[in-house]
Amino acid sequence: MTAIRGAAAITGAASGIGRALAIELAQRGCDLALADRDEAGLKSLAAEIGTERKISVHRVDVGEPAEIAQFAREAVAAHPALNILVNNAGVALMGTFEEIDQAQMDWLFDINFWGVVHGTRAFLPHLKTRSEAHIVNLSSIFGIIAPPGQSAYAAAKFAVRGFSESVRHELAAAASPVKLSVVHPGGVATSIARSSRTGVGVTDNARRAQMIDRFEAAAKTTPKDAALRIIRGIERNEPRILIGNDARFMDILQRFRPGTYWAPLQRRIEKMAKGK
């Protein structure tokens, strides 16, 4: 069991799962180092949590390694007892592989994958000095299955999964006090789809609107419920944290049909879209 105590550093904290996690961790006695590009969102969150906990806010673009390194230095200086890191920040990109260009794919990887790697590297030396510590890396159900139209996102989230599993095994082999969980959320009701970028080759705005509508119709899990599930996973030192019945279903389907899961899953999605 990992106790929820000390302080937590959270990227992408201004909205969605990151915001909900900050609120729930604060209620459990954690101080917080909150990072996001959205400074107004961070200030709003800090005001909502109040003065019961020590909170520091940091404007950070996780696509910039130097900013992550600075965040780690400032977070540890402000919170010497920091023992939880949540690499949560992420973005989405809509379009088939041929509709997105290399610059867009690089942009997404810099945030969704390299942001996790650089965050882990920047905080790990400090976390290893704690008697117990925990790293939480956000992958996705698209780190387990890979739908069409998500080549960049799925590639990055599969990479987060592989990176996290390997580092977890290394930490265990070294008898490190640092534990690591990788999180695979299904549909969570956040703004990630609505704020996503569209491939440069996408000219059909109606298709983008349809994709957003389908995501929001399927996103049944609230950010609070996602946060509570992650906290339970931290407490239990769970190596893999699946969030939502949809994620659990898709994980099982992929295990039974690793090469052919998409056809039955697509039929299920189309039925849901039609309200059947």
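Please read these numbers as outputs of a predicted model, since none were measured by experiment. Note on numbering: residues in each chain are counted from 1, in written sequence order. In keeping with the model being predicted, local features are shown solely for residues with a pLDDT of at least 70 and side-chain atom pairs are shown and tallied solely at 80 or more, while totals for entire chains, interfaces and linings include all residues. Side-chain calculation: all heavy atoms of the structure are included, whereas hydrogens and water are not.

1. Observations concerning the pattern of salt bridges
Then step 1. In what follows, salt bridge is the name for a side-chain nitrogen of Lys or Arg lying within 4 Å of a carboxyl oxygen of Asp or Glu. Tallying each qualifying case throughout the model produces 11 salt bridges.
Then step 2. With a shortest N-O distance of 3.0 Å, Arg 19 and Glu 48 are connected by a salt bridge. Taken together, the residues span a long stretch of sequence, with Arg 19 in helix 1 (residues 16-27) and Glu 48 in helix 2 (residues 39-49) at a distance of 29 residues.
Then step 3. In this scheme, a residue with accessible area under 20% of its type's maximum is buried, one over 50% is exposed, and one in between is partly exposed, where area comes from a 1.4 Å probe on protein chains only. What makes Arg 19 buried here is its relative accessible area of 17%.
Then step 4. A salt bridge links Glu 238 to Arg 229, with the shortest nitrogen-to-oxygen separation between them at 2.7 Å. Comparing Glu 238 with Arg 229, the two get one shared label, buried.
Then step 5. A network of salt bridges, in which partner residues are shared, links Arg 161, Glu 165, Arg 240, Asp 251 and Arg 255. Numbering goes from the N terminus for both helices and strands, where a helix is a DSSP run of H or I of at least four residues and a strand is a run of E of at least two.

2. Side note on a negative patch on the surface
Then step 1. The patches described consist of residues with a relative accessible area above 30% and no salt bridge, like charges being joined within 9 Å and nonpolar side chains (Val, Leu, Ile, Met, Phe, Trp, Tyr) within 5 Å. Reported accessibility uses the Shrake-Rupley method at a 1.4 Å probe radius. Residues are deemed covered only where the shown protein chains occlude them. Working convention for charge: Lys and Arg count positive, Asp and Glu count negative, and His plus the chain ends are omitted. Working definition for charges: the position is that of NZ of Lys, CZ of Arg, CG of Asp or CD of Glu. On the surface, a cluster of negative charge is contributed by Glu 64, Asp 101, Asp 106 and Asp 110.
Then step 2. One can find Asp 101 in the loop between strand 5 (93-94) and helix 4 (102-112).
Then step 3. Relative accessible area serves as the criterion here: at 31%, Asp 101 is assigned to the partly exposed category.

3. Here's the deal with the nonpolar core
Then step 1. Core analysis: the largest hydrophobic core is formed by 38 residues, its most contacted members being Phe 71, Leu 82, Leu 108, Phe 123 and Leu 127.
Then step 2. Of all the elements, helix 6 (residues 151-173) adds the most residues to this core, at 6 residues.
Then step 3. Beyond its immediate stretch of four places on either side in the chain, Leu 127 contacts Leu 82, Asn 83, Ile 84, Leu 85, Ala 133, Ile 135 and Val 178.
Then step 4. Residues Ile 10, Ala 22, Ala 26 and Ile 49 belong to the second largest nonpolar core, which totals 31 residues. Grouping buried Ala, Val, Leu, Ile, Met, Phe, Trp, Tyr and Cys residues that are joined through side-chain atoms within 4.5 Å yields what is termed a nonpolar core. Contact between two residues is taken to exist if any of their heavy atoms lie within 4.5 Å; hydrogens are not considered.

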